[in-house]
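Per-entry structural report
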Amino acid sequence: GQQVMQIPQYQHVQEGEDFTTYCNSSTTLSNIQWYKQRPGGHPVFLIQLVKSGEVKKQKRLTFQFGEAKKNSSLHITATQTTDVGTYFCAGPYSGGSNYKLTFGKGTLLTVNP
Amino acid sequence: DVKVTQSSRYLVKRTGEKVFLECVQDMDHENMFWYRQDPGLGLRLIYFSYDVKMKEKGDIPEGYSVSREKKERFSLILESASTNQTSMYLCASRGVYEQYFGPGTRLTVT
């Protein structure tokens, strides 16, 4: 079935440094979603991208959807300790219910103050 | 605010026991999901329900069953718990397109 690959698995940064996580799909995606899970918490929806080449910003977070709609990235500018957590991308299942998501394995971000 | 609640945060069961994990959402969502989360493996879909009494298998349904008798409640059942089912279990419901997750149940099977 469809796979969503996410890299890196871990990233440790100094506070103030930038951070990027990348998501790649083996198939074209109709959309891609991003979630954040704080340590000890549950995943929380951040954003959905739908259009080819789309770029969306939420304060210091920038989300991009590739032109071919097979890859996406999340970039955080000037990380803060509040950014700590695991970031997941998720795309809809192919060949099945459009409501199901397949999640990447996530990137765990740690920030050294 | 959407609220998804799960019956227990922590649960310890013995091998062979029947285990029920309950999930309730208060937003009248049609779609609900059960995932398990394991280190290094991310979130894996166990079962999906698209309406009352309607269900669909996810990626790892073996050893699990589900029940959805009412719209707001989606139950995950481990017929005979095994140690390899020790995990974090997350329930979610779907809004317009995004999923809302419950706080999770950390199940330990000894």
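Relevant structure appears above.
Residues numbered from 1 in each chain as written. Chains lettered and ligands numbered in written order. Predicted model: local features only at pLDDT ≥ 70, side-chain atom pairs only at ≥ 80, totals over all residues. Heavy atoms only, no water.

So, the packing of aromatic side chains
Considering all chains together, one arrives at 14 aromatic pairs over all chains under this definition. Ring centres of tyrosine 35 of chain A and phenylalanine 103 of chain A lie 5.5 Å apart, and the angle between their planes is 55°; this geometry places the pair in the tilted category. Highlighted residues: tyrosine 35 of chain A in strand β4 (residues 32-37) and phenylalanine 103 of chain A in strand β10 (residues 101-103), separated in sequence by 68 residues. Of the two residues, tyrosine 35 of chain A and phenylalanine 103 of chain A, neither departs from the other in class, the shared state being buried. Measuring from ring centre to ring centre gives 5.9 Å for phenylalanine 48 of chain B and tyrosine 50 of chain B, while their planes differ by 45°; the resulting arrangement is tilted. Classification of phenylalanine 48 of chain B as buried rests on a relative accessible area of 0%. (Phe/Tyr/Trp six-rings, centres within 6.5 Å; stacked < 30°, edge-to-face > 60°. Helix = DSSP H or I, 4+ residues; strand = E, 2+ residues; numbered from the N terminus. Buried < 20%, exposed > 50% of the residue type's maximum accessible area, 1.4 Å probe, protein only.)

Here we look at the pattern of salt bridges
Residue and element names in this part refer to chain B. A complete count under the given rule lists 9 salt bridges over all chains for this structure. Among the salt bridges present, the one from arginine 36 reaches aspartate 38, with a minimum N-O distance of 2.8 Å. The same class applies to arginine 36 and to aspartate 38, which are both buried. Three or more residues joined by partner-sharing salt bridges are found here, namely Arg36, Asp38 and Arg44. (Salt bridge = Lys/Arg side-chain N within 4 Å of Asp/Glu carboxyl O.)

Some thoughts on the sheet that holds strand β7 (residues 64-70) of chain B
Residue and element names in this part refer to chain B. Taken together, the 4 strands give an open sheet; going across it, the order is β1-β3-β8-β7, and neighbouring strands pair in antiparallel fashion. Every other strand in the sheet has two partners, leaving β1 (4-6) and β7 as the edge strands with one partner each. Sheet twist, expressed as the mean angle between neighbouring strand axes with direction ignored, is 20°. For strand β3 (residues 19-25) and strand β8 (residues 73-78), the ladder comprises 6 bridges, and the chain directions are antiparallel. Directly across from valine 19, in β8, lies its bridge partner leucine 78. (Pairing = 2+ DSSP bridges. Axes fitted to C-alpha atoms, helices over the stretch in contact; angles between N-to-C directions.)

Points about the environment of proline 39 of chain B
As for its placement among the helices and strands, proline 39 of chain B is situated in the loop between β4 (32-38) and β5 (42-51). Sequence separation between proline 39 of chain B and serine 87 of chain B is 48 residues; the distance between their C-alpha atoms is 9.1 Å.

Quick word on the side chain of serine 93 of chain B
All names here are of chain B. One can find serine 93 in strand β9 (residues 87-94). Residue classification places serine 93 among the buried positions, given a relative accessible area of 0%. Those residues in contact with serine 93, other than ones at most four positions away along the chain, are Val4, Gln25, His29, Asn31, Met32, Phe33, Glu98, Gln99 and Tyr100. (Contact = heavy atoms within 4.5 Å.)

The values are spatial; any link to function lies outside them.
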